[in-house]
4 protein chains.
Amino acid sequence: MTERIIKVGELNTGKLNHICDVEGVLVGHKTIIDDDIRTGVTAILPHKNNIFLNKVIASSFVMNGFGKSIGLMQIDELGTIETPILLTNTLAVGKVSDSLVKILIEENPKLGTSLGTVNPIVLECNDGRLNNIRKIAITFDDVKEALDIANTNNFQGSIGAGTGMVCHGLKGGIGSSSREVELDGKVYTLGVLVNTNFGHSSSKDLIVNGKPIGKQIQKEQANGEEDKGSIIVVVATNIGLDNNSLRRVVKRASIAIGKTGSYVGHGSGDVFVGFSTANSISATEKSAFLNQTVLSQKYINLLFQAVVEATEEAIYNSMLYSIETKGYLASVKTLKNWIKDIR
Amino acid sequence: MTERIIKVGELNTGKLNHICDVEGVLVGHKTIIDDDIRTGVTAILPHKNNIFLNKVIASSFVMNGFGKSIGLMQIDELGTIETPILLTNTLAVGKVSDSLVKILIEENPKLGTSLGTVNPIVLECNDGRLNNIRKIAITFDDVKEALDIANTNNFQGSIGAGTGMVCHGLKGGIGSSSREVELDGKVYTLGVLVNTNFGHSSSKDLIVNGKPIGKQIQKEQANGEEDKGSIIVVVATNIGLDNNSLRRVVKRASIAIGKTGSYVGHGSGDVFVGFSTANSISATEKSAFLNQTVLSQKYINLLFQAVVEATEEAIYNSMLYSIETKGYLASVKTLKNWIKDIR
Amino acid sequence: MTERIIKVGELNTGKLNHICDVEGVLVGHKTIIDDDIRTGVTAILPHKNNIFLNKVIASSFVMNGFGKSIGLMQIDELGTIETPILLTNTLAVGKVSDSLVKILIEENPKLGTSLGTVNPIVLECNDGRLNNIRKIAITFDDVKEALDIANTNNFQGSIGAGTGMVCHGLKGGIGSSSREVELDGKVYTLGVLVNTNFGHSSSKDLIVNGKPIGKQIQKEQANGEEDKGSIIVVVATNIGLDNNSLRRVVKRASIAIGKTGSYVGHGSGDVFVGFSTANSISATEKSAFLNQTVLSQKYINLLFQAVVEATEEAIYNSMLYSIETKGYLASVKTLKNWIKDIR
Amino acid sequence: MTERIIKVGELNTGKLNHICDVEGVLVGHKTIIDDDIRTGVTAILPHKNNIFLNKVIASSFVMNGFGKSIGLMQIDELGTIETPILLTNTLAVGKVSDSLVKILIEENPKLGTSLGTVNPIVLECNDGRLNNIRKIAITFDDVKEALDIANTNNFQGSIGAGTGMVCHGLKGGIGSSSREVELDGKVYTLGVLVNTNFGHSSSKDLIVNGKPIGKQIQKEQANGEEDKGSIIVVVATNIGLDNNSLRRVVKRASIAIGKTGSYVGHGSGDVFVGFSTANSISATEKSAFLNQTVLSQKYINLLFQAVVEATEEAIYNSMLYSIETKGYLASVKTLKNWIKDIR
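The model shown is predicted, which means the values in this text are computed figures rather than measured ones.

J.: Got a minute to help me understand the interface of chain B and chain A in this structure?
T.: As a measure of interface size, the accessible area lost when the parts come together is often cited. Residue-level contacts link 30 residues of chain B with 30 residues of chain A. When the two sides are added together, the surface that chain B and chain A hide from each other amounts to roughly 2,600 Å², 43% of it contributed by carbon and sulfur. Inspection of the region where chain B meets chain A yields two salt bridges. In this structure, the connection of chain B to chain A is made through 21 residue pairs in polar contact (both at pLDDT 80 or more). Ranked by residues supplied to the side of chain B that touches chain A, first place goes to strand β13 (residues 289-295) of chain B with seven residues.

Here it is in structure tokens:
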């Protein structure tokens, strides 16, 4: 059991308090630090098998679409994902997407012919304050490594796609948390992984678990700018959900963002993607009908509570696991410096 | 087996070539003709039991939202309907909705208390050319009668909510058609019921089953106005579908409308609602999970074809079953006069 | 200048700290209290002239669509409203809509003929705990009175449509607040009016201006239920906005709701409608082009901040202006009892 | 004046009957033919100046989202585009996007720093029958060339992104058409460019300008498969439109697709993007308000008619300008062989 740095809400966490508490989910990070580069790639895999051949039910919600993420259109149409979800920086989306497609072509001889093409999911935030984003430093090998090393370790903070992110004027990045939900006497898990880059260069609005710590931090910090930047939220669960219910669940991530002090700024790409591992869909299945076990909507409030709690805690974790970072255009402190004030 | 007036497409129709070919579906019409009044109510019931207690999976699509229909918001959120679907004229939506709610309150003692409120579905077209719509002539008793007499008879044309409708400058109204679809060796049915009021006062664009008959009709008719009016399309099927797949199916109704010569005019409320009777949802069910049988998306093209064919044929049926009508502001001919030219 | 009971955020309020600070906006309330009835109607008028003839630019956002509000489809399609916005209880939507249509028919001789039909906007919450909602107690005269007496008085709390509402287990209802925004050296106003009925019978999650007062209140109160109920948010501004920008603004109301402790429950109809009085659209205008002054999106963060602050404060005002109420199924306390704990 | 191969509808075309009739619009094609490669890139530029610095108002509509296009999310949020629109094959989207971003980084020193990042628009169809799509044959230089050579020449058919496309079982690809619209006594233009790849390997459903020629073609052709493939529709106009009205216009492209015999198949990515050159938005503008001239919605039917006519004609042009092609997995005939049957 991982010790919690900060405790948000009422529901129990899973063992790791991490998205990998959802059975089968794997996460891999490739961190790239070099000269003026502070960036990376993070891969989230719904399961360890071939995802193109065993799709999972998925949904997305865009709280603010000032962003360049790709793959959402097909998620909305078909309600499934068929690749790992990759997180990276804004200007690297094309490169990372191209790399993911090439890797999947290698792995799937029938991709592009009898099994159709593939819909890569690449979600992004702008790490341009700490990273020279114009260099597009990420390579095919970086993407491949992030996928190859995916595991269930509880890594968070200034890692992978989170390496150069800034949240509420402090160091942000990768954060995660999970919640357990009991349904019909059985315990299920909902996990969240975020890449936080919102509230950008200002700390003044930051609220941590109800404590308006931001104004105090701001006094000791640089001047603020308006709310911009982005946040990516990935939600995983082993609870059976159709993609409509799943969209309702992921939509609530916005409430957690608001609780940390943001009003979801104009310049922010606030993009949420969720998937359920309960009813996978085989690409080669021939029968006309699928049997699916889906949650009754009467019980969905439990998931709403779980996703709001886990997203809020994941945001704080992204900041509390991150380290003070000097990068391309700025030097950014960590929330850990104020840990005593928020506990 | 009903004889088909016109044969659209390739798939077989059901026995009645009517929405009631979908087992359990009932339709009731109340026609109101009096002085300057030509209007009515049409009720479509997904099944004969209490729908509030046994909801069905549903979806909607709005091709053009210049309309006053009610109930779509909750369909989109929950993916279910819990009342009959009522069709009527534009300014009567409030009255018909109020009447439906009162009827449901009588029938359901726990409605409004332990079982929550109810979401009435009332869809409309503007019959103001043949009907003095400002009078709001429809009463509580009219609504109740439409519901009470619902049956599986194949009534079409100038009846119920279709009484005062005008389509492509000719008499429109209620039309219906159905298609059979074979899946895993079993025959299923998809039925469509339309209330046609689009292309309003002009016939020039009318195409019937590929024949651009409109220009010829226009020569013998009054001058045309621009494309306005509305069309309501209700789709029923006994094929198991989640509400996302169902939305994809009903969205294709727009293609059928285009095939009849319309470009979906600005002034038109083109609203489509579909439901599947396969997986009903009990309002009093306690278990957290539902088992649902849903169509694999690989087979959905069959339903796309079925809905386009049935909607197009239902539109022609609405015009071919209608009778020449002299009403409030105009006198409108029937397409039957040109039946020899389109066969 | 109205004294503020509670001060949320940083921006200045308008003179009244009320939606009527937006020039031209009027509000009328009809309160109905009788035996087991605790309900009413609230009317918001964008301006004092004929709205059907002088439409205003509008937009909506549905945070959770478990609700029965009507009129949103056409707002989304055309980006305008053409009637006052009426608030009432859930089962009265049909009756109130029917009444509004009849009033507009009387006022507009060409409505339904040469000027087309009208799209009534009626938004609702379920007041069934304090009101015998099954009785549908609201009459045509009640609706007419709410419209006729509309004014700029700063009335809030247990009034009009708010009479029977319950928020976070305490008395809710009508609340309002406003913010001033400076753009290009000129001061503009954004006002919010809410009808609060969410968090229903539980207070435990309530947060007031950052203070988690709910747990303390809950100890002295009845046991909680899960998050249900609804909230209607109406946003008015004299800032020129196209309907896309306006949708982005009203969407942020969800952040304010989250700040008060809700995760936007399954059973809630959380519906937001906004309008701008800056560029009105004449129903009889003949020219093909309109000249509009619209806000550059670069400045929209100011409006995001304004709408989040004003909505949050309006929610608290709805509770702080309300009075302890004994109604149909329950007796509900007022937040005023805890006023000393939240200041 | 270009001679029209086929004449659809009633409105006049512009001089070229091509999207470049809209003043300022440029199109560039890079065709790649080599061994098993039949693919390419097509670039549409809203104007000849720096688009990142002078954004244009834009909108999108997804008729069927089984596709991998990128850039739509930000179009929907902000209502603008800030790059040329690139068309290519499905698996090359990442590579083409990456190339476009790199070109824009070179051209804009402040991109990624003080002027933020950029949202590339890359739309795709699957040319995998004629092209070995797994090879991702498109290079940075190919993308750059398509942009650099952009001009107003009326090139259509098997060119650029259209090189390997198949439509209704015949050779498809790039097609274009335009319409003139008179408003307040002045003539405006709406132009359409399509890349057609739908109805894939079957001709049986093909209708050309009302003639159901498909069945006849099918007899002389290979057997059909179900409706799959994709179509990209790009709409340009010099009429002032807000992005909501623009969305309504581009949405009508689906009607034109239906008229050619498709029911918009499951496997199709049917994606429409439109832009208006009338009100450009400077990236460096400081004032808070923009003055915009936008079309009154009362006149929008003219644009609906124009976009349906031009899209339908552009689809036929894509097939009639294309040449018989032997490619990777198939050999595909051209509709020109049946030109006498459709005139």
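J.: What is the right way to look at the relation of the copies chain B and chain A in this model?
T.: Each copy of the chain is related to the other by a rotation around an axis and a translation along that axis. Taken as rigid bodies, chain B and chain A are interconverted by a rotation of 180 degrees and an axial shift of 0.0 Å, the fit giving an RMSD of 0.0 Å. The superposition operator between the copies reduces to a two-fold rotation axis. Relative to the rotation axis, the closest C-alpha in chain B is found at Q292 of chain B, a distance of 2.6 Å. Comparing interface residues between copies, 100% of those in chain B also sit at the interface in chain A, which points to an isologous, same-surface contact.

J.: Help me out: how do you make sense of the packing of helix α2 (residues 93-107) of chain A against helix α2 (residues 93-107) of chain D in this one?
T.: Each pair of packed helices can be summarised by the angle the axes make with each other and by the distance between the axes. Packing of α2 of chain A against α2 of chain D leaves a shortest axis separation of 7 Å and a crossing angle of 155 degrees. Classified by the angle between their axes, α2 of chain A and α2 of chain D sit roughly antiparallel to one another. As for how α2 of chain A packs across α2 of chain D, the hand of that crossing is left-handed. Where α2 of chain A approaches α2 of chain D, its residues G94, K95, S97 and D98 of chain A are matched on the opposing element by G94, K95, S97 and D98 of chain D.

J.: In this structure, what is going on with the packing of aromatic side chains? I would like to understand it.
T.: Summed over all chains, the structure comprises eight aromatic pairs over all chains. Each ring, one from F61 of chain C and one from F272 of chain C, has its centre 6.3 Å from the other, and the planes form 35 degrees; the classification is tilted. Of this pair, F61 of chain C sits in strand β3 (residues 54-65) while F272 of chain C sits in strand β12 (residues 269-282); the two residues are 211 residues apart in sequence, bridging distant segments of the chain. Across this residue pair, the class does not change: F61 of chain C and F272 of chain C are buried. Look at Y188 of chain C and F289 of chain D: their rings are 5.3 Å apart centre to centre, the planes differ by 50 degrees, and that puts the pair in the tilted class. Within this pair, whereas Y188 of chain C is found in strand β10 (residues 186-198), its partner F289 of chain D is found in strand β13 (residues 289-295), the two belonging to separate chains. Taking the relative accessible area as the measure of exposure, Y188 of chain C reaches 12% and is therefore buried. The lysine or arginine in question, K55 of chain B, covers the ring of F52 of chain B, its NZ or CZ lying 4.5 Å from the ring centre.

J.: Sorry if this is basic, but what is going on with the environment of L86 of chain C here?
T.: All names here are of chain C. With respect to the element layout, L86 can be found in strand β5 (residues 85-89). Taking the C-alpha atoms as reference points, L86 and L147, 61 residues apart in sequence, are found 8.8 Å from one another. Beyond its immediate chain neighbours, meaning those up to four positions away, L86 contacts V41, T42, A43, V96, L100, I121, V122, L123, V143 and L147.

J.: I would appreciate a short explanation of the sheet that holds strand β5 (residues 85-89) of chain D in the present structure.
T.: Sheet strands line up and pair through hydrogen bonds in the backbone, either parallel or antiparallel. Residues and elements named next belong to chain D. In spatial order, the strands read β1-β2-β5-β6; together these four strands make up an open sheet with mixed pairing. Each edge of the open sheet is held by one strand with a lone partner, namely β1 (26-34) and β6 (121-125). The sheet shows a mean angle of 15 degrees between the axes of neighbouring strands, direction not considered. Sheet analysis places β5 next to β6, joined by five bridges and oriented parallel. Paired with N89 across the strands is C125, a residue of β6. Its contacts with the sheet place helix α3 (residues 140-148) against β1, β2 (37-45) and β5, and it is angled at close to 145 degrees to β1.

J.: Where do I start with the relation of the copies chain D and chain A in this structure?
T.: With an RMSD of 0.0 Å, chain D superimposes on chain A once it is rotated by 180 degrees and translated 0.0 Å along the axis. Both copies contact each other with a shared surface, as 100% of the interface residues of chain D are interface residues in chain A too.

J.: Please explain the interface of chain D and chain A as it appears in this structure.
T.: Listed as interface residues are 38 residues of chain D and, on the opposing side, 38 residues of chain A. Between chain D and chain A the total buried area reaches about 3,200 Å² when both faces are included, carbon and sulfur atoms providing 64% of it. Per-residue buried area on chain D facing chain A is highest for M73, T117 and R134 of chain D; these three make up 23% of the total on that side. Counting the contacts that link chain D with chain A gives zero salt bridges. Inspection of the chain D/chain A interface yields 16 residue pairs in polar contact (both at pLDDT 80 or more). Counting residues per element, the ones that place at least two in the side of chain D that touches chain A are β3 (54-65), α1 (72-78) and α2 of chain D. The biggest single contributor to the side of chain D that touches chain A is α2 of chain D, with seven residues. Of the residues contributing to the side of chain D that touches chain A, the split by class is 16 nonpolar, 15 polar and seven charged.

Thresholds applied
- Residues numbered from 1 in each chain as written.
- Chains lettered and ligands numbered in written order.
- Predicted model: local features only at pLDDT ≥ 70, side-chain atom pairs only at ≥ 80, totals over all residues.
- Heavy atoms only, no water.
- Contact = heavy atoms within 4.5 Å.
- Buried area = accessible area lost by both parts, 1.4 Å probe.
- Salt bridge = Lys/Arg side-chain N within 4 Å of Asp/Glu carboxyl O.
- Polar contact = N/O pair within 3.5 Å; in protein donor to acceptor, adjacent residues only side chain to side chain.
- Helix = DSSP H or I, 4+ residues; strand = E, 2+ residues; numbered from the N terminus.
- Least-squares fit on C-alpha atoms with pLDDT ≥ 70 in both.
- Axes fitted to C-alpha atoms, helices over the stretch in contact; angles between N-to-C directions.
- Parallel < 35°, antiparallel > 145°, perpendicular 65-115°, else oblique.
- Left-handed = near helix turned anticlockwise from the far one by under 90°.
- Phe/Tyr/Trp six-rings, centres within 6.5 Å; stacked < 30°, edge-to-face > 60°.
- Buried < 20%, exposed > 50% of the residue type's maximum accessible area, 1.4 Å probe, protein only.
- Lys NZ or Arg CZ within 6 Å of the ring centre and 35° of its normal.
- Pairing = 2+ DSSP bridges.
- Nonpolar A, V, L, I, M, F, W, Y, C, P; charged D, E, K, R; others polar.

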